[in-house]
Amino acid sequence: MAIAPAFAENGASASAVERMSTPGHEADELARRVGKWSVVNTIWPTPGAQPIVMTGLVAERTMIGPFMQEVMRPAPGSKMPDFQRIAY
């Protein structure tokens, strides 16, 4: 199977950084999850432990190039202490 090289706008071969920064199928799938979401977060602190369930959370998801950024915080009016988590 032959693979054609990627070309930059000037016709030269694109650099590895340019090729890796080009959104592909994975970025398309992530982009479907962009927006503001109500979140229930469940964690298990150790194997076999009872889960800790946190409700009243909001995740705001945006695309930055081919990456998704998620900023999670308490929903307005929730009784959860203020925090912010950013994940890529």
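Residues numbered from 1 in each chain as written. Predicted model: local features only at pLDDT ≥ 70, side-chain atom pairs only at ≥ 80, totals over all residues. Heavy atoms only, no water.

*Asks:* Honestly, the sheet that holds strand β4 (residues 85-87) in this entry has me stumped. Any pointers?
*Replies:* Sheet strands pair by backbone hydrogen bonding; their relative direction is either parallel or antiparallel. Spatially, four strands are ordered β1-β2-β3-β4 in an open sheet, and the strand pairing comes out antiparallel. Looking at strand neighbours, the two that pair on one side only are β1 (35-43) and β4, the edges of this open sheet. Taken over all neighbouring pairs, the strand axes of this sheet differ in orientation by 30° on average, direction set aside. Here eight bridges tie strand β2 (residues 52-64) to strand β3 (residues 67-74), and the two strands are oriented antiparallel to one another. Looking at the pairing, M63 lines up with M68 of β3. (Pairing = 2+ DSSP bridges. Helix = DSSP H or I, 4+ residues; strand = E, 2+ residues; numbered from the N terminus. Axes fitted to C-alpha atoms, helices over the stretch in contact; angles between N-to-C directions.)

*Asks:* Help me understand the confidence of the model for the protein chain, please; the structure alone is not making it clear to me.
*Replies:* The predicted coordinates ought not to be read in detail in places where the model reports low pLDDT. Predicted confidence across the protein chain gives a mean pLDDT of 83, with 85% of residues reaching 70 or more. Averaged pLDDT values for the elements of the protein chain fall to 79 in helix α1 (residues 16-21) and rise to 94 in β1. (pLDDT = per-residue confidence, 0-100.)

*Asks:* I would appreciate a short explanation of the pattern of salt bridges in the present structure.
*Replies:* Overall, the coordinates contain four salt bridges when judged by the stated rule. In this structure, R32 and E29 form a salt bridge, with 3.3 Å as the shortest nitrogen-oxygen distance. Salt bridges sharing partners connect three or more residues here, namely R61, E70 and R85. (Salt bridge = Lys/Arg side-chain N within 4 Å of Asp/Glu carboxyl O.)

*Asks:* Whenever I open this one, the side chain of R61 confuses me. Can you help?
*Replies:* For R61, the position within the fold is in strand β2. Judged by relative accessible area, R61 falls into the buried class, the value being 19%. At a separation of 2.7 Å, a polar atom in the side chain of R61 contacts the side chain of E70. Not counting residues up to four positions away in its chain, the partners in contact with R61 are R33, V34, G35, W37, V39, M68, Q69 and E70. (Buried < 20%, exposed > 50% of the residue type's maximum accessible area, 1.4 Å probe, protein only. Polar contact = N/O pair within 3.5 Å; in protein donor to acceptor, adjacent residues only side chain to side chain. Contact = heavy atoms within 4.5 Å.)

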